[in-house]
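Examining the three-dimensional arrangement
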Amino acid sequence: MKKVFELFLSFFKIGAFTLGGGYAMLTLVEKAVVDRKKWIPNDEFWDMIAVVQSLPGVFAVNTALYVGHRVAGTKGAFAAMLGAIIPSITIMLLLATVFREFRDYPVVESVFKGIRPCVVALILAPSLRMIKSAKVNWKTAIIPIATVFLIWWCKISPAYVILAAIAGSVIYAFYINRSAKKKEAKP
Amino acid sequence: MIYLQLLWVFIKIGVLGFGGGYAMLSLIEHEVVNHYAWMTTTEFADMVAISQMTPGPISINLATYVGYTTAGIGGSLLASFALCLPSVIMVYLILRLFMDKKNSALLDNTLKGLKPAIAGLIFAAGLSMMNLQNFPDFGRGQYNISVIICVLAFVASYFFKANPILLIVLSGVVGFFVY
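The shown structure was predicted, so the numbers you read here are calculated from the model rather than taken from an experiment.

1. Some details on the overall build of chain B
Helix and strand content of chain B: seven helices and zero strands. The order of helices and strands in chain B, counted from the N terminus, is α-α-α-α-α-α-α. Each principal axis of the C-alpha atoms in chain B carries an extent, and together these give about 60 × 40 × 25 Å. Split into buried and exposed, the 179 residues of chain B put 57% on the buried side. Pairs at least 24 apart in sequence give 57% of the contacts found in chain B among residues at least 6 apart. Counting every atom, chain B has about 7500 Å² of accessible surface; 71% of that belongs to carbon and sulfur. Across chain B, the 8 positively charged side chains and the 7 negatively charged ones have centroids separated by 15 Å.

Below is the structure:
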C-alpha cells in the first residue's frame, strides 16, 4: 500500500511540474523511478519506453500505467495514472474558468491576437521536423502530401485517414519482416 | 447526449492518437470545430496556447478544456477519463503481447510507415488554422503583424528549437502592444 501511495505522489509531482507534455516528463520519470526509488532497472525502463512510445493515446498516461503496473499491480497502475493527470485537470479547469470569464476583455483579446499566429507556427514546425526524422524521400513524400490533401482540402475525418494509414503501415511492416526473414534464410 | 458525444469523441481520439499530443490536434480540431461546432477556430487556437502553457500532458489539458466548455466540470472529467480509457485497456492487453521482441519489431516497422502520415496530419491541423479569424490583419493595412509573428515563431521553433512557452509569451506581449 505504501508503494501505491508513493507511486501516486511521484507521478503527481511530475504531472504538476512539467511543462511541454509527455516527452518532457520522461527524464523526470526516469529520475524518480530508476534513480531514486530503484523500482525498475535502467535498461528495462528504456525498453519499455520504446514500446510505450509506439502505442496510441496519451504518452504520459501510458508510461504511468506501465510503471505503476510493473511496480504495484493494478492498484499501482491506477494510482500512477491518477497522479499524472489530476494536476493537469485541476489547473486546466481553473484556467478554463478564468479564461472564459476574461476572454472578452480587450487586453486579453489583443494578447491572444498575438498568440494565435504563433500557435499555428508551433504546430507546423514539429510536423516538418517529423517529416525530416521519418526520412521521407521523393517517393514516400506522397504519404504526407496525400494526408494533408485529404484532411485539409477534402475535409475527410482524420480518423479515417489514420485507419487507412495504419492498414498500409501494417502491410508494409509484414512485407519488411518477410523480406528480412528471406535474407536471413539465404546464407 | 452531450456526455455520450464527449465520451465517444475522446475514446476515438485515445484509440487513434498515434504520435502524441500534437498528432491528436488534428483529430480534436475535426471533431470539436468542424463536426460538432463546439468552439470556433479562434477559441481552438487559444485553447492550444493555454494547454501548451499548463503543466502536464497537452492532450489531457485539451480534453479538460473541451469537456468544460461543452458540459461543465462533469464534462471535463468525463472527456479526460474517456481519453485515458483506451490506454488502460491497451496496457493490459497489447503491452503484454508486444513486450515480445519479435512482435515489437513488427510494431516498430508499422510505426515507421505511419510516421509520415502523422506528420501530414499535424501539418493539416496547422494549415486549417491559417484563416482570417486567426490572422485578422492579413491583407489589411501595410503591416501584417500576424504573418510576421507566425513566420518568426516558425523560424525560431524549427531552426533554433526555441522553447514553445517562451514563444507564446513573447507573441502575447507583441499582441498586447500592437493590437
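2. A word on the interface of chain B and chain A
At the interface, 94 residues of chain B touch 89 residues of chain A. Summed over both partners, the interface of chain B with chain A comes to about 8600 Å²; 78% of that surface belongs to carbon and sulfur atoms. Put simply, chain B and chain A have three salt bridges between them. Across the pair Arg-100 of chain A and Glu-43 of chain B runs a salt bridge whose closest N-O atoms are separated by 2.7 Å. One can count 13 residue pairs in polar contact (both at pLDDT 80 or more) joining chain B with chain A. Listing elements by their share of the side of chain B that touches chain A, those giving two or more residues are helix H1 (2-16), helix H2 (20-35), helix H3 (41-53), helix H4 (58-98), helix H5 (101-128), helix H6 (145-160) and helix H7 (164-178) of chain B.

3. What to know about the confidence of the model for chain B
This prediction gives chain B a mean pLDDT of 88; 93% of its residues lie at or above 70. When mean pLDDT is taken per element in chain B, H1 of chain B scores highest with 95 and H5 of chain B scores lowest with 82.

4. Let's talk about the nonpolar core
In this structure, Phe-10, Ile-28, Phe-44 and Val-66 of chain B are the most contacted members of the largest nonpolar core, which totals 80 residues. When residues in this core are grouped by element, the largest group, 14 residues, is from H4 of chain B. The contacts of Phe-10 of chain B, once residues within four sequence positions are left out, are Ile-28, Ala-63, Val-66, Ala-79, Ala-82 and Leu-83 of chain B. Grouped together as the second largest cluster of nonpolar side chains are 23 residues, Phe-11, Ile-14, Met-25 and Leu-26 of chain A included.

5. Considerations on unusual backbone geometry
The backbone phi angle of Lys-135 of chain A is positive, close to 55°, even though this residue is not glycine. Of note, Lys-135 of chain A is situated in the loop between helix H5 (106-133) and helix H6 (142-153). Look at Ala-37 of chain B: it is not a glycine, yet its phi comes out positive at around 50°. Within the fold, Ala-37 of chain B resides in the loop between H2 and H3.

The rules we used
- Residues numbered from 1 in each chain as written.
- Chains lettered and ligands numbered in written order.
- Predicted model: local features only at pLDDT ≥ 70, side-chain atom pairs only at ≥ 80, totals over all residues.
- Heavy atoms only, no water.
- Helix = DSSP H or I, 4+ residues; strand = E, 2+ residues; numbered from the N terminus.
- Buried < 20%, exposed > 50% of the residue type's maximum accessible area, 1.4 Å probe, protein only.
- Contact = heavy atoms within 4.5 Å.
- Areas by Shrake-Rupley, 256 points an atom, 1.4 Å probe, with all protein chains shown as cover.
- Lys, Arg positive; Asp, Glu negative; His and termini not counted.
- Charge placed at Lys NZ, Arg CZ, Asp CG, Glu CD.
- Buried area = accessible area lost by both parts, 1.4 Å probe.
- Salt bridge = Lys/Arg side-chain N within 4 Å of Asp/Glu carboxyl O.
- Polar contact = N/O pair within 3.5 Å; in protein donor to acceptor, adjacent residues only side chain to side chain.
- pLDDT = per-residue confidence, 0-100.
- Core = buried A, V, L, I, M, F, W, Y, C linked by side-chain atoms within 4.5 Å.

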